[in-house]
Amino acid sequence: MLLLDGKKLAQEIKQEISAEVIRLKQKDMRLPKLSLILVGDRADSLSYVNSKEKNCLALGMECEKHHLPAETTQEALLQLIHQLNADNTVDGILVQLPLPAHLNTSHILEAVDYRKDADGLHHVNLGKMLMGDPYVLPCTPNGILQLLKRYQISMEGKNAVVVGRSVLVGAPTAILLQQQHATVTQCHSHTRNLADICREADIVVTAAGVPALLCPEDLKEGAVLVDVAMNHDPDGLCGDVYSKKTAPALERKLFAATPVPGGVGPMTIAMLMHNVLELYKKH
Ligand code: NAP
């Protein structure tokens, strides 16, 4: 089985970005800058924001962190976003989710200028993607696409199943696969006979967040599995299909698969870095 090694590929993509940033430095040009906004003190959010900052700085890009108290008002947060929208030294803005419950998440995200939308999840950017004229793409779906493309897995004419229909992962992934000329079936929690549908698929992308949702028997011989989920089982981190227990059977049966961890996860952060550079170039 071909291991779709997201860790290795993300490293390569980050090296390409770093080489571009070095060239900008050599020409004495302004460097790409990401503004990260964190409201509150959730430990997981803090660690995600720190990791994004670390990645940005490691690639030679600039990064500023705005860490606001949990009781920050909607008005104060909007004011900061408007200020960053107007700041010509800022190329990308990322509001770390989830926001505290008193804040209106969709209003906040829509306040970000779509030309500075580092996550690629602004409604304008989702619309542009749907129209086949993207400004920037959402990070995880684009990470999946890049994994398949760079490992030369053709999507044209293939039967692809996407399990999950969230705005973050499932829905945009189905659109991107369709744009690569796959025939896509989108499944969700109301889908009947999920395993039967998956057994017909050449490519299965799972993003449900349910450990052992599917087992190796539910996949076709020679299929490609992209397991996006990040779940926990008694053996540690696992996907919806991929786990320490299922890995040997998957290796015998599939043509290619992403491991969990080390598959889609590292690609998501690499695509965020890619977006910051893209937004800078368009800016
Ligand atoms: P989400 O918003 O909770 O969406 C989950 C989707 O899965 C929903 O569409 C849901 O259907 C569907 N679903 C849930 N149970 C199902 C079942 N039993 N059968 C079929 N479909 C089912 O989650 P998300 O934000 O998309 O994330 C999904 C997973 O990907 C999570 O494990 C998350 O941690 C992981 N993730 C990984 C990365 C990465 O970089 N690797 C990035 C983002 C997310 P309904 O719409 O009907 O509820």
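Residues numbered from 1 in each chain as written. Predicted model: local features only at pLDDT ≥ 70, side-chain atom pairs only at ≥ 80, totals over all residues. Heavy atoms only, no water.

1. A few points about the domain arrangement of the protein chain
A common way to state how big an interface is: give the accessible area lost once the parts meet. We apply this condition: What fixes the domain bounds is an automatic or database domain assignment.
Domain boundaries assigned for the protein chain yield domain 1 (27–122) and domain 2 (139–265). On a C-alpha basis, the centres of domain 1 and domain 2 stand 30 Å from each other.

2. Some words on the nonpolar core
How we decide: The term nonpolar core refers to a set of buried residues drawn from Ala, Val, Leu, Ile, Met, Phe, Trp, Tyr and Cys, joined through side-chain atoms within 4.5 Å. Summary of the burial criterion: residues with accessible area below 20% of their type's maximum are buried, those above 50% are exposed, and those between are partly exposed, where the area comes from a 1.4 Å probe applied to protein chains only. The numbering of helices and of strands both runs from the N terminus, where a helix is a DSSP run of H or I of at least 4 residues and a strand a run of E of at least 2. Only heavy atoms matter for contacts: two residues are in contact if any of them lie within 4.5 Å across the pair.
Core analysis: the largest hydrophobic core is formed by 56 residues, its most contacted members being L148 and L177. No other element matches the 11 residues that helix α10 (residues 264–282) contributes to this core. Summarising the domain contributions, this core has at least three residues from each of domain 1 (27–122) and domain 2 (139–265). The residues touching L148, leaving out its near neighbours within four places in the chain, are L4, I153, M155, L177, V224 and V226. Core analysis: the next-biggest nonpolar cluster, separate from the first, contains 18 residues, L194, C198, V204 and V260 among them.

3. Focus: the sheet that holds strand β7 (residues 203–206)
Let me state the cut-off plainly: By definition, two strands form a pair when at least two bridges between them are found by DSSP. Think of each axis as a best-fit line through the C-alpha atoms, taken over the contacting stretch in the case of a helix, with angles from 0 to 180 degrees between the N-to-C directions.
What the 6 strands build is an open sheet, ordered β1-β11-β8-β7-β5-β6; its pairing is parallel. In this open sheet, the two strands that pair with only one neighbour each are β1 (2–3) and β6 (183–187). Strand direction decides the pairing type here: strand β5 (residues 159–163) and β6, joined by 5 bridges, are parallel. Each residue of the ladder has a partner; that of V163, found in β6, is C187. Each of β5, β6 and β7 is contacted by helix α7 (residues 170–179), which is oriented at about 170° to β6, the strand it contacts most.

4. Details of the pairing of β7
Moving residue by residue along a regular strand, the side chains alternate between the two faces of the sheet. Where burial is concerned, the two faces of β7 agree: the one with I203 and V205 and the one with V204 and T206 are both buried. Pairing analysis gives 4 bridges linking β5 to β7, with the strands arranged parallel. Across the sheet, residue V162 finds its bridge partner in β7, namely V205. Pairing geometry for β7 and strand β8 (residues 224–227), over 4 bridges, is parallel. Bridged to V205 within β8 is V226.

5. Things to note about the environment of E62
Tracing the sequence through the fold places E62 in strand β3 (residues 62–68). For the pair E62 and S106, spaced 44 residues apart in the sequence, the C-alpha separation amounts to 27 Å. Setting aside chain neighbours within four positions, we find E62 in contact with L31, P32, K33, L34 and C56.

6. Brief notes about the site of the ligand
Stated precisely, the cut-off is as follows: Being near a molecule or strand, for a residue, comes down to having at least one heavy atom within 4 Å of it. For this analysis, a polar contact is any N or O atom pair within 3.5 Å, provided that within protein one partner can donate a hydrogen and the other can accept it, and provided that sequence-adjacent residues contribute only side-chain to side-chain pairs. Residue-level accessible areas treat just the shown protein chains as cover; the underlying method is Shrake-Rupley with a 1.4 Å probe. Charged means Asp, Glu, Lys or Arg here, nonpolar means Ala, Val, Leu, Ile, Met, Phe, Trp, Tyr, Cys or Pro, and polar covers whatever is left, Gly included.
Surrounding the ligand, one finds 22 residues, the nearest of these being R165, S166, H188, S189 and T268. S189 is positioned such that a nitrogen or oxygen atom in its side chain is 2.6 Å from an oxygen atom of the ligand. In the model, a nitrogen atom of the ligand is placed 3.2 Å from a nitrogen or oxygen of the V228 main chain. Summarising the interface, the protein chains cover 69% of the accessible area of the ligand, which totals 920 Å² for the free molecule. Here the shell around the ligand takes 3 residues from α10, the largest share from any one element. Across the shell around the ligand, the residue classes tally to 11 nonpolar, 10 polar and 1 charged.

7. Let's talk about the sheet that holds β3
Pairing in this open sheet of 3 strands is parallel, and the strands run β3-β2-β4 from one edge to the other. Each edge of the open sheet carries a strand with a single partner, namely β3 and β4 (92–95). Averaged over all pairs of adjacent strands, the angle between strand axes in this sheet comes to 15°, irrespective of strand direction. Packed on one face of the sheet, helix α3 (residues 74–86) meets β2 (33–39), β3 and β4 and runs near 180° to β2.

8. Description of the side chain of N142
As for its position among the elements, N142 is in helix α6 (residues 139–150). Since its relative accessible area comes to 4%, N142 is described here as buried. When residues no more than four places from it in sequence are discounted, the contact partners of N142 are L137, L176, M271 and H274.

9. Looking at the packing of α6 against α10
Condition: Angles are sorted into four bins: roughly parallel if under 35 degrees, roughly antiparallel if over 145, roughly perpendicular if 65 to 115, and oblique for all others.
As a packed pair, α6 and α10 sit with axes 8 Å apart at the nearest point and diverge in direction by 110°. By the angle between their directions, the pair α6 and α10 is classed as roughly perpendicular. When α6 is examined against α10, the residues C139, T140, N142, G143, I144, Q146 and L147 are found in contact with a partner set consisting of V264, M267, T268, M271, L272, H274 and N275. For the contact of α6 with α10, the residue count by class is 7 nonpolar, 7 polar and no charged.

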